[in-house]
Amino acid sequence: MAAPSVNVSVEAAIEHQIQEVRYDGEEVYVTPLSMSENLSKLAHKIDFYKDESEEKGKPTSEGEKETDEEKVLAPFQPSLWPWDSVRNKLKSAYTEISVLYDILNIVKEKHYMVTDPVSQDSPELKAPLQMLAKKKSLMAAAQILATGAERLKKVQLDMASNTQDNFLMELLKLRKNWRLKKVHNTILGELSYKSAGSRFWQGGTFEVLKTSDLLAEGEINPRKSSLDVIIPSELEGVAYIQVEVKSVPDLMDLTSATLKMPAGLGAVSVDAYWQQKLEVAQNVLFCKELFAQLAREAVQVKGNTPHMVVGNQILTNVFPGIQLSIVLCHYTGKEKKVNLSPHKLEHNHVLEHSLHQLLREVHDRNLNYSPPHPVNAMLGMSKRRRLAGPKAMCRLELMEMVENESLLEQILKQTKHAVLRIRSMHVIDQLSINIQDPQICAHWSCLNNSLESSVRISITSYGYETIRTPLVLIIGIDTIQVVMKDGRVCTLSFEDSELRDLLQWQICQHHAHSIQHLAKLQGWQVLSGIVSSGHGDMETYGTTSNVMLASPKGNVVLAFHSNPVSGNRLSVKKMDPTIETHTSPAVTATKWASLCGEFQEINLQLLEGRNLAGKIDMLMARLSSS
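All of these numbers come straight from a predicted model, not from anything done at the bench.

Draft legend 1. Region of interest: the overall build of the chain. A tally of helices and strands in the chain yields 14 helices and 21 strands. The burial tally for the chain puts 30% of its 626 residues in the buried class. Nonlocal contacts in the chain, meaning residues at least 24 apart in sequence, comprise 54% of its contacts between residues at least 6 apart. Here the chain displays about 42900 Å² of accessible surface, and carbon together with sulfur accounts for 56% of that area.

Draft legend 2. Summary view of the packing of aromatic side chains. Inspection of every chain in the model, using the stated rule, returns five aromatic pairs. Ring geometry for Y193 and F286: centres 5.7 Å apart, planes at 65 degrees, overall edge-to-face. Of this pair, Y193 sits in the loop between β4 (186–190) and β5 (205–210) while F286 sits in helix α8 (residues 274–300), and the two are 93 residues apart along the sequence. Comparing Y193 with F286 shows no difference in burial state: the two are buried. For the pair Y273 and W274, a centre-to-centre distance of 5.0 Å together with 35 degrees between the ring planes defines the contact as tilted. Note that R610 overlies the ring of Y462, its terminal NZ or CZ placed 4.0 Å from the centroid.

Draft legend 3. Quick look at the packing of helix α12 (residues 407–434) against helix α13 (residues 496–522). Where α12 meets α13, the axes come as close as 10 Å, and the angle between the chain directions of the two elements is 35 degrees. Note on packing geometry: the crossing formed by α12 with α13 is right-handed. Residues S424, V427, I428, Q430 and L431 of α12 lie in contact with α13, whose contacting residues are D496, L499, R500, L503 and Q504. Looking at the contact of α12 with α13 residue by residue, the class counts come to five nonpolar, three polar and two charged.

Draft legend 4. Looking closely at the confidence of the model for the chain. Averaged over the chain, the pLDDT score is 78; the fraction of residues at 70 or greater is 75%. Within the chain, the lowest mean pLDDT, 50, falls on helix α3 (residues 62–73), and the highest, 94, falls on strand β15 (residues 480–483).

Draft legend 5. Seen up close, the pairing of strand β18 (residues 544–550). Counting buried positions along β18 gives seven out of seven residues, so the element sits mostly inside the fold. Alternating residues of β18 divide into T544, N546, M548 and A550 and S545, V547 and L549, and every residue in both groups is buried. In terms of strand pairing, strand β17 (residues 525–533) meets β18 through six bridges, oriented antiparallel. Bridge pairing in β18 links G529 to V547.

Draft legend 6. Local environment of a nonpolar patch on the surface. Among the surface-exposed residues, I18, V21 and Y29 lie close enough to one another that they form a single nonpolar patch of about 300 Å² accessible area. Structurally, the position occupied by V21 is in strand β1 (residues 18–21). Overall, V21 belongs to the exposed group, its relative accessible area being 54%.

Draft legend 7. Spotlight on the pattern of salt bridges. Following the criterion strictly, the structure yields six salt bridges and no others. Two residues, R22 and E26, come together in a salt bridge whose shortest N-O distance is 3.9 Å. A salt bridge links E601 to R569, with the shortest nitrogen-to-oxygen separation between them at 3.7 Å. Of the two residues, E601 sits in strand β21 (residues 600–602) while R569 sits in strand β20 (residues 567–574), which places them 32 residues apart along the sequence. Given the relative accessible area of 52%, E601 is considered exposed.

Draft legend 8. Inspection of the sheet that holds strand β14 (residues 464–475) at higher detail. In spatial order, the strands read β12-β13-β14-β15-β16; together these five strands make up an open sheet with antiparallel pairing. Because the sheet does not close on itself, it has two edges, and the strands there are β12 (439–444) and β16 (489–492). Put simply, the sheet's adjacent strands are angled 25 degrees from each other on average, direction ignored. Note: strand β13 (residues 453–461) against β14, nine bridges, orientation antiparallel. Note that in β14 the partner of I457 across the bridge is L471. Across the face of the sheet, α12 comes into contact with β12, β13, β14 and β15 while running at roughly 155 degrees to β12.

Draft legend 9. Structural detail: the nonpolar core. Grouped together as the largest cluster of nonpolar side chains are 48 residues, with contacts concentrated most on L278 and I326. Broken down by element, the residue count for this core peaks at twelve residues, all from α8. With residues up to four places along the chain from it excluded, the contact list for I326 reads I241, Q242, V243, F291, L294, N312, Q313, I314 and L408. Core analysis: the second largest hydrophobic core is formed by 20 residues, I428, L471, I475 and V482 among them.

Draft legend 10. Structural context of the sheet that holds strand β6 (residues 227–230). Ordered by their spatial adjacency, four strands build an open sheet running β3-β4-β5-β6, and the pairing between neighbours is antiparallel. Looking at which strands have only one partner, the edges of the open sheet turn out to be β3 (179–183) and β6. Across the sheet, the axes of successive neighbouring strands diverge by a mean angle of 35 degrees, strand direction being ignored. Judged from the four bridges that link them, β4 and β5 form a sheet pairing that is antiparallel. Note that in β5 the partner of G189 across the bridge is F206.

What counts as what
Chains are numbered independently. Their residues run from 1 in the order of the written sequence. In view of the model being predicted, local features appear only for residues whose pLDDT reaches at least 70, and side-chain atom pairs are presented and counted only at 80 or more, with totals across whole chains, interfaces and linings using the full set of residues. Side-chain numbers here rest on the full set of heavy atoms in the structure, without hydrogens or water. Comment: elements are numbered from the N terminus, with helices defined as DSSP H or I runs of at least four residues and strands as E runs of at least two. Remark: exposure states derive from per-residue accessible area (1.4 Å probe, protein chains only) relative to the maximum for the residue type, with buried under 20%, exposed over 50%, and partly exposed in between. The contact rule is simple, with two residues in contact once any of their heavy atoms fall within 4.5 Å. Here the accessible surface of atoms and residues is derived via Shrake-Rupley with a 1.4 Å probe, and residues count as covered only by protein chains that are part of the display. Centres within 6.5 Å make a pair out of two Phe, Tyr or Trp rings, where for Trp the six-membered ring is used; the pair is then stacked when the planes are under 30 degrees apart, edge-to-face when over 60, and tilted otherwise. Only Lys NZ and Arg CZ are tested; either one counts as a charge over a ring when it is within 6 Å of the ring centre and within 35 degrees of the ring normal. Axis lines are fitted through C-alpha atoms, for helices just across the contact stretch, and the angle between N-to-C directions can take any value from 0 to 180 degrees. Helix crossings are classified by the rotation of the near helix relative to the far one: an anticlockwise turn of less than a right angle makes the crossing left-handed, while a clockwise turn makes it right-handed. Throughout this entry, Asp, Glu, Lys and Arg are counted as charged residues, while Ala, Val, Leu, Ile, Met, Phe, Trp, Tyr, Cys and Pro are counted as nonpolar. The remaining residues, Gly among them, count as polar. Each residue carries a pLDDT score, the predictor's own confidence in it, on a scale running from 0 to 100. Each pair of strands is called paired provided DSSP finds at least two bridges between the two strands. Like-charged residues are merged into a patch within 9 Å and nonpolar side chains (Val, Leu, Ile, Met, Phe, Trp, Tyr) within 5 Å, provided each residue has over 30% relative accessible area and no salt bridge. One side-chain nitrogen of Lys or Arg within 4 Å of one carboxyl oxygen of Asp or Glu is enough to make a salt bridge. Side-chain atoms within 4.5 Å are what join buried Ala, Val, Leu, Ile, Met, Phe, Trp, Tyr and Cys residues into a set we call a nonpolar core.

Have a look at this one:
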């Protein structure tokens, strides 16, 4: 193992020693030792306490004595090469290093042997020495903690005493969020949206002061901040805009939206943080600007219904009997008594978002003009107006481009859509509750916008869900488009009675389609099926749906009539197919001759079945078997 390239294998003998031979000739072998056990066994045979250096000089036999004598008698022969001794010493050192390297590999990698640990007697530990060592360690840890605590106290005292640095840091935070400027020795800020494109006359200038300048001598500063702001008196307090839609006779709330509902009315406390003061004051300015813009448009815009502006309130009519009111509420804390209205149950979040979005769109439009293309064109002119000359647009098209919707008109449109959507929802819910047969299921779409929404209505009968009458309602601003099952589109007005009549008429058609489907399953023949029949007595609204069926044998004829007002009627007529009743050459079969004559009406309430489809299904099965 002198060189690392030589592989040495330490293995036990392959043959197993025989321990016992039994009477039947079976041999019992001794279990062979593993490599580690074999190496330990060989290591135990070595006497490490014996010094072999003493025996090296003692001859063991006569031959060795003679050789020693010859070596002693031989004269000393010097080496022929002067570096021979150095080479021999280097070679022996290299051999020892190689052996040491092999031993380290064996012990570290544990591929060749496993060394058993040598048990040593644990030293005796004395209790006084252990206590002194632990005491010394605890004193060192306590010294480190005490030094850190003193440093923290020193930093806190420095921060409390140095108010100038705190004021500068607070001023830096204030400058990140608000516009500031220095006029002589005064720092002024701006709350308005003029930098964003606002043209409101009222400004929002506030003053920045040190908290230490406001205190008298010897007074302790109770505030956490070293900076304070002074808000203008017209922007003090809390303001919000309340939009309510009510029915005029009974003043019942249909929907509402609040631009900013405060947690508590009144002015902001004096000890409030400067960020809270500025946010509340800017909200007051925003509400005032929005209400001023809406009031200006209510006076200027001429609509079908006049708009009234009374104080801080704008009144207008959305639909006949539906009133929209926009109120600016501003509480400064000086009012004697404030009656806070309860929170509305139906809060229109879309309208609330529009109140923020519409005014910001006006700011953006005032600030950002489309660049002229080409450069000699008028600034702010749109691309469509620039192409009006080459495309030879007429005066009507030019007038349409000039007209822009105001904020009030857009809010009115969104309010109309919200009212129409609530009306449609109430009509569908009432019909679903009042009419048990068939079932009406409405699925409102979640992907809507502020001016249009859709709902999918499915009309089914319990137990016969495969027979389905689908409808799609597209609710707009003041109209409702209804997409029928066959693809026809019907446009309704904002009156809820029209939608109710249409749904009841679709229910009658669903009954007629259900009976025709059952007739095909049971082998009955559909003689006639008219969805909108014009004969019979004139009803208040809607038309009658008629279905006439003939049994497989042709001896029974069923006549079904369904009307939204008069209800469902079922009549039956029995005839003898053996009697010839052909009175006209146009009649080619006996079943066609049974269309006229006397029918007997059946009481649908006495028939067995959970719903109309089940009752007629049982009746057709009974008549087919008779």
